[in-house]
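Reading the structure
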Amino acid sequence: MRPLIAGNWKMNMTKTAGTALARDLGLRYAEQAERDYDLLVCPPATIIDAVGQALAGSGVFVGGQDCHAAQDGAYTGEVAAGMLADLGCTHVIVGHSERRQYHGELDLLIGEKAKAAYKAGLIAIICIGETEAERDAGDALAVCSRQIAGSVPNTATPENTVIAYEPVWAIGTGRTPTTGDVAEVHAHIRAELSRHMAGADAVRLLYGGSVKPGNASQLLAVPNVDGALVGGASLSADDFWAIAQSCV
Ligand code: PGA
């Protein structure tokens, strides 16, 4: 499967810094002869337009970090999936653990957001993953099953959906699961997805949580890991590029 390396910039980057980073990545990707992987950056909404322009013609995709479930309306401060598409976005992250944790987003809402993404022609990157307490309790697989059942719409296809497994305790902590644990969870996610949709074998499953240049090759070599969702390390062109080169 063609891997996807996605950068989630979170609430970081000014327009100047973000466009400089994008231009740097875009040049490297455009000049690369062997490009058997997709590269995506998800900047904050304020600079999606500028970053998209900086990446024009490079082949690097631009995505949003979240969207509202409604198409439009009286939702102050929110961004609709169609607005992201209007700026040239191809993807949108939904259900990131920081949205679940700080905004109280539940599976049902995340599924509605994924449907809004489909309606706008975007690929939804649906995030799932257990907390540390859930892993300690032996519930990691059950949590992923529950989140898939609740947040992956029955209209999901391999073309419109990417699943990102991000153990909450690994995000921004420098800690990662063992490759054995990642393999176990990703195989489980693949099996669970096949109960919910056709073509689950072709859905890209990303691993996310403290992916760095030093561990990317190992994590990306795990069976059923079809790419990475990268937070902190995606803010540095050198680090993000080094991670992407694990796919070459
Ligand atoms: P991290 O974040 O790479 O900084 O751990 C990953 C994410 O939240 O997507």
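Fair warning: this is a prediction, and the values are worked out from it, not measured in the lab. (Residues numbered from 1 in each chain as written. Predicted model: local features only at pLDDT ≥ 70, side-chain atom pairs only at ≥ 80, totals over all residues. Heavy atoms only, no water.)

Notes on the site of the ligand
Just so we agree on the cut-off: Whether a residue is near a molecule or strand is decided by its heavy atoms; if any one of them lies within 4 Å of it, the residue is near. For the purposes of these results, a polar contact is taken to be a pair of N or O atoms within 3.5 Å, where, inside protein, one atom must be able to donate a hydrogen and its partner to accept one; residues adjacent in sequence count only when each atom of the pair is a side-chain atom. Residue-level accessible areas treat just the shown protein chains as cover; the underlying method is Shrake-Rupley with a 1.4 Å probe. Throughout this entry, Asp, Glu, Lys and Arg are counted as charged residues, while Ala, Val, Leu, Ile, Met, Phe, Trp, Tyr, Cys and Pro are counted as nonpolar. The remaining residues, Gly among them, count as polar.
Contacts to the ligand come from 13 residues, most closely from Lys-10, His-96, Glu-166, Gly-172 and Ser-210. Separating an oxygen atom of the ligand from a backbone N or O atom of Gly-232 is a distance of 2.8 Å. Alone, the ligand offers 280 Å² of accessible surface; in the complex the protein occludes 97% of this. Residue classes in the shell around the ligand are distributed as four nonpolar, seven polar and two charged.

Thoughts on the nonpolar core
Spelled out, the test is: By convention a nonpolar core is built from buried Ala, Val, Leu, Ile, Met, Phe, Trp, Tyr and Cys residues, the set being connected through side-chain atoms within 4.5 Å. When a residue's accessible area, from a 1.4 Å probe over protein chains only, is under 20% of the maximum for its type it is buried; when over 50% it is exposed; and in between it is partly exposed.
Counting 63 residues, the largest nonpolar core has Ile-5, Leu-39, Ile-126, Ile-163, Ile-189 and Leu-193 as its most contacted members. Counting twelve residues, the second largest nonpolar core, distinct from the first, contains Leu-40, Ile-93, Leu-206 and Leu-229.

Structural notes on helix 8 (residues 179–196)
Keep this limit in mind: A run of H or I in DSSP becomes a helix once it reaches four residues, and a run of E becomes a strand once it reaches two; helices and strands are each numbered from the N terminus. A helix is expected to reach a length of 1.5 Å times the quantity of its residues less one. Contacts were defined at the residue level, with two residues in contact if any of their heavy atoms lie within 4.5 Å.
Compared with the 26 Å implied by 1.5 Å per residue over 18 residues, the 26 Å span of helix 8 between its first and last C-alpha is a close match. Buried within helix 8 are the following residues: Val-182, Val-185, His-186, Ile-189, Arg-190, Glu-192 and Leu-193. Where the residues of helix 8 are buried, they touch strand 5 (123–128), helix 6 (132–136), helix 7 (140–151), strand 6 (161–165), strand 7 (204–208) and helix 9 (216–220).

A look at helix 10 (residues 237–244)
Selection rule: To obtain the arc, one takes the directions from the helix axis to the C-beta atoms.
By the burial criterion, the buried members of helix 10 are Ala-237, Phe-240, Trp-241, Ile-243 and Ala-244. Within helix 10, the buried residues cover an arc of 160° as seen down the axis, which keeps them to one side. Buried residues belonging to helix 10 abut strand 1 (4–8), helix 1 (15–31), strand 2 (38–42), helix 9 and strand 8 (227–230).

A few points about the side chain of Arg-190
Residue placement: Arg-190 occurs in helix 8. For Arg-190, the residues in contact, after removing those within four places along its chain, are Met-1, Ala-200, Asp-201, Ala-202, Val-203, Leu-205, Asn-224 and Asp-226.

Considering the side chain of Asp-107
Among the structural elements, Asp-107 can be located in helix 5 (residues 107–119). Judged by its relative accessible area of 15%, Asp-107 falls in the buried class. Those residues in contact with Asp-107, other than ones at most four positions away along the chain, are Arg-100, Arg-146, Gln-147, Gly-150 and Ser-151.

A word on the sheet that holds strand 5
Put simply, the rule reads: We treat two strands as partners when DSSP finds at least two bridges between them. Think of each axis as a best-fit line through the C-alpha atoms, taken over the contacting stretch in the case of a helix, with angles from 0 to 180 degrees between the N-to-C directions.
The eight strands lie next to each other as 1-2-3-4-5-6-7-8, forming a closed barrel whose pairing is parallel. With direction set aside, neighbouring strand axes in the sheet form an average angle of 25°. The pairing of strand 6 with strand 7 spans four bridges and is classified as parallel. Residue pairing for strand 7: Tyr-165 is matched across the bridge by Tyr-207. Its contacts with the sheet place helix 8 against strand 5, strand 6 and strand 7, and it is angled at close to 145° to strand 7.

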